[in-house]
Amino acid sequence: MALRPGPAGDRVTAVTAPPALRDTLCIEWGACPPGCRDCVEACALARGVARVTALDLAEVSFHGALTCGQCGEPACRDACPTGAIVREESGVVRLDQERCVGCGACAGACAWGGITLDAVTGRASKCDTCGGRPACALACTTGRLRWVETSALARRLGHPDPFTQGVSLCPGCAAELGFRTAFRAIGPDAVVFAAPGCACMLACGLGTAATTRLPSVMSLMTNVPSLMTGVARQLRRSGARTRAVAFVGDGTTADVGFQPLSGAAERGEPIVYICYDNEGYMNTGAQRSSTTLQGARTMTTPVGPGQAGKRQVPKDVAVLMAMHGAAYVATASVSHPEDFAAKLERALAAEDGLAYIHLYAPCHVGWQAPMDAAVEIARMAVLTRVFPLWEARRGRFRLTHPIAHPRPLGDFAGLMGRLRHLDEDGLRALGRAVEERYRRVEALCAALPWQEPGAAGGR
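Residues numbered from 1 in each chain as written. Predicted model: local features only at pLDDT ≥ 70, side-chain atom pairs only at ≥ 80, totals over all residues. Heavy atoms only, no water.

### Some points on unusual backbone geometry
Selection rule: Each helix is a run of DSSP H or I of at least 4 residues and each strand a run of E of at least 2, with the numbering of both proceeding from the N terminus. Between buried and exposed lies partly exposed: a residue is buried under 20% and exposed over 50% of the maximum accessible area for its type, with that area taken using a 1.4 Å probe on protein chains only.
One non-glycine residue with positive phi stands out, namely Glu279, at about 65°. Take Glu279: it is sitting in the loop between β14 (272–277) and β15 (303–304). When its relative accessible area of 3% is taken as the criterion, Glu279 is described as buried. With a phi angle near 65°, Ala286 is a residue other than glycine that sits in the positive phi range. By secondary structure assignment, the location of Ala286 is in the loop between β14 and β15.

If you want it as structure tokens, here you go:
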């Protein structure tokens, strides 16, 4: 963080540099097949000494792989008495073996076991990601160890975060992550619209304190698209290309505010509407909304004698919007930021009508999960088909992240308290609802396949 003089010279403004995104190795912790050594053998073949370690702990059913995580503040570097370890601008922590004296101080300092002392050479050894083409990732046939390229995402999120730090949203809030991601991709030429809900504090400030550099409008829950329509039309009359962008919750979108949204889609208003779906009215105590999953425990769908959570299946708002023939409709998840950013680009490019993005953003508080669990829950929801990721242009569909072999639904339900009461019958009922929604999207993709803009039949 840097401090810069304010416009009047008598104040200072805190400026936070956007976090750097690095390409990196990603290993699913403890998810490797028992006895697999493919990554270790590939690394040893490519580098002479394996820089990845296989862990097989059968007594605790743990099977995984371990390598250097390229720490931002590497303890191995600080412990090295010869300066043989440096952290490069690229984020790679590199070891100069010519300067290594084999003292082992680096291995002792690393709490993660990411650097080792090789008994044969008498020198330290660690992963340096093979210049961006790691042999271990190429050899892994299960996908548990893979190379994740974030450079494309960094280019898409090239704008500064327009919101201040230290807002009063809950620590670990997925909606805040989605909000900041969206407007780092959208940029400064936008007016942001909000409605009563958790995220309005980020858009419209707290009391007399502003929390964003963007012009923002606080709407009612019942008229967000109507208000956007007036502003967007006036901006067009004035010749401005400024986009009207809403970031509002599922209560506003699916329940009390759906009628004006439907009307704006039917009229083809050129606005961008993002619904962050945390499946409830979370800032008033976690009451159910019409997007809440079947079986979920909320304040208004309790678990007890005669009731086991919400009885109804969730309303599929995104499909309803696509059925309007809207210019662009998509689902996205906070766990897949590159997919979300790409869909934001397509939404902004759709200037001939309404663009709608349904962003799945689990609320760890209302879903009764640990503070750091929201992104993992979202990722598991995608892998179990609970959150199908797709997009549609003028009613033409395609899956953007097809899941051919879904993980067991219990892997998702077990991450949160709101579904933990479900017995086998309850999980089967939820599974049928999840599969029916996914199969419906698959059928739409087959019956009404996606057409690129400009293609024959596309618009």
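### Quick word on the layout of surface pockets
Sizing a probe to match a water molecule and rolling it over the atoms shows the empty space that remains. Let me state the cut-off plainly: In this analysis a 1.4 Å probe is tested at points of a 1 Å grid over the protein atoms alone, and where it fits but cannot get out there is a cavity; an open set with protein on both sides within 12 Å along at least five of seven lines is a pocket; lining residues have an atom within 4 Å of a point. Grid points are joined across faces, edges and corners, and a volume is the space filled by probe spheres set on the points.
By volume, the second largest pocket is sized at about 410 Å³. Looking at the second largest pocket, it is lined by 26 residues, and the ones nearest its centre are Thr67, Cys68, Gly69, Gln70 and Trp112. Among the secondary structure elements, those contributing two or more residues to the lining of the second largest pocket are β3 (24–27), β5 (62–66) and α2 (75–79).

### Focus: the confidence of the model for the chain
Applicable threshold: Per-residue confidence from the prediction method is given by pLDDT, with values spanning 0 to 100. Two residues qualify as a contact provided that any one of their heavy atoms is within 4.5 Å of a heavy atom in the partner residue.
In this model, the chain carries an average pLDDT of 91, and 94% of its residues clear a pLDDT of 70 or more. pLDDT under 50 marks residues 1–15. Its contacts with residues more than four places away, or in other chains, come to 17 contacts.

### As for helix α10 (residues 258–267)
An α-helical turn contains 3.6 residues, so any two residues separated by three or four positions project in the same direction. The complete set of buried residues in α10 reads Phe258, Pro260, Leu261, Gly263, Ala264 and Ala265. Gly268 sits one or two positions beyond α10 and adopts a positive phi of about 75°.

### Quick look at helix α15 (residues 424–447)
Spelled out, the test is: Take the number of residues in a helix, subtract one, and multiply by 1.5 Å to get its expected span. Think of a polar contact as two N or O atoms within 3.5 Å of one another; within protein, one of them needs to be a possible hydrogen donor and the other a possible acceptor, and neighboring residues in sequence only count if both atoms come from side chains.
End to end, α15 covers 34 Å across 24 residues, agreeing with the expected 34 Å (1.5 Å per residue, within 8%). Listed as buried for α15 are Gly426, Ala429, Leu430, Gly431, Ala433, Val434, Arg437, Tyr438, Val441, Leu444 and Cys445. Its buried side turned inward, α15 meets α11 (317–322), β18 (355–360), β19 (390–393), β20 (396–399) and α14 (409–413). For α15, the N-terminal capping position is held by Asp423, with its side-chain oxygen 3.2 Å away from the main-chain nitrogen of Asp425.

### Notes on empty space enclosed by the protein
We apply this condition: Any residue outside Ala, Val, Leu, Ile, Met, Phe, Trp, Tyr, Cys, Pro, Asp, Glu, Lys and Arg is labelled polar, Gly included; the first ten of those are nonpolar and the last four are charged.
Throughout the structure, instances matching the rule amount to four cavities of 30 Å³ or more. Taken as a whole, the largest cavity spans an internal volume of roughly 140 Å³. In terms of lining residues, the largest cavity is bounded by 18 residues, among which Cys32, Pro33, Cys36, Cys39 and Cys140 are the most central. Going through the elements one at a time, α1 (38–47), β4 (53–57) and β5 are the ones with two or more residues in the lining of the largest cavity. Classifying every residue of the lining of the largest cavity gives nine nonpolar, five polar and four charged. Taken as a whole, the second largest cavity holds about 90 Å³ of empty space.

### Remarks on the packing of helix α6 (residues 174–186) against helix α12 (residues 337–349)
We count it as follows: Geometry is summarised by axes, namely lines fitted to C-alpha atoms with helices restricted to the contacting stretch, and by angles between N-to-C directions that run from 0 to 180 degrees. In these notes the angle categories are as follows: under 35 degrees is roughly parallel, over 145 is roughly antiparallel, 65 to 115 is roughly perpendicular, and the rest is oblique. Throughout, a crossing is termed right-handed when the near helix is turned clockwise from the far one, and left-handed when it is turned anticlockwise from it by less than a right angle.
It is the contact of α6 with α12, at a shortest axis distance of 10 Å, that shows an interaxial angle of 50°. As judged from the angle between their axes, α6 and α12 are oblique. Two packed elements cross with a definite hand, and for α6 against α12 that hand is right-handed. Of the residues in α12, those in contact with Gly178, Thr181, Ala182, Ala185 and Ile186 of α6 are Phe340, Leu344 and Leu348. Residues belonging to the contact of α6 with α12 are distributed by class as follows: six nonpolar, two polar and no charged.

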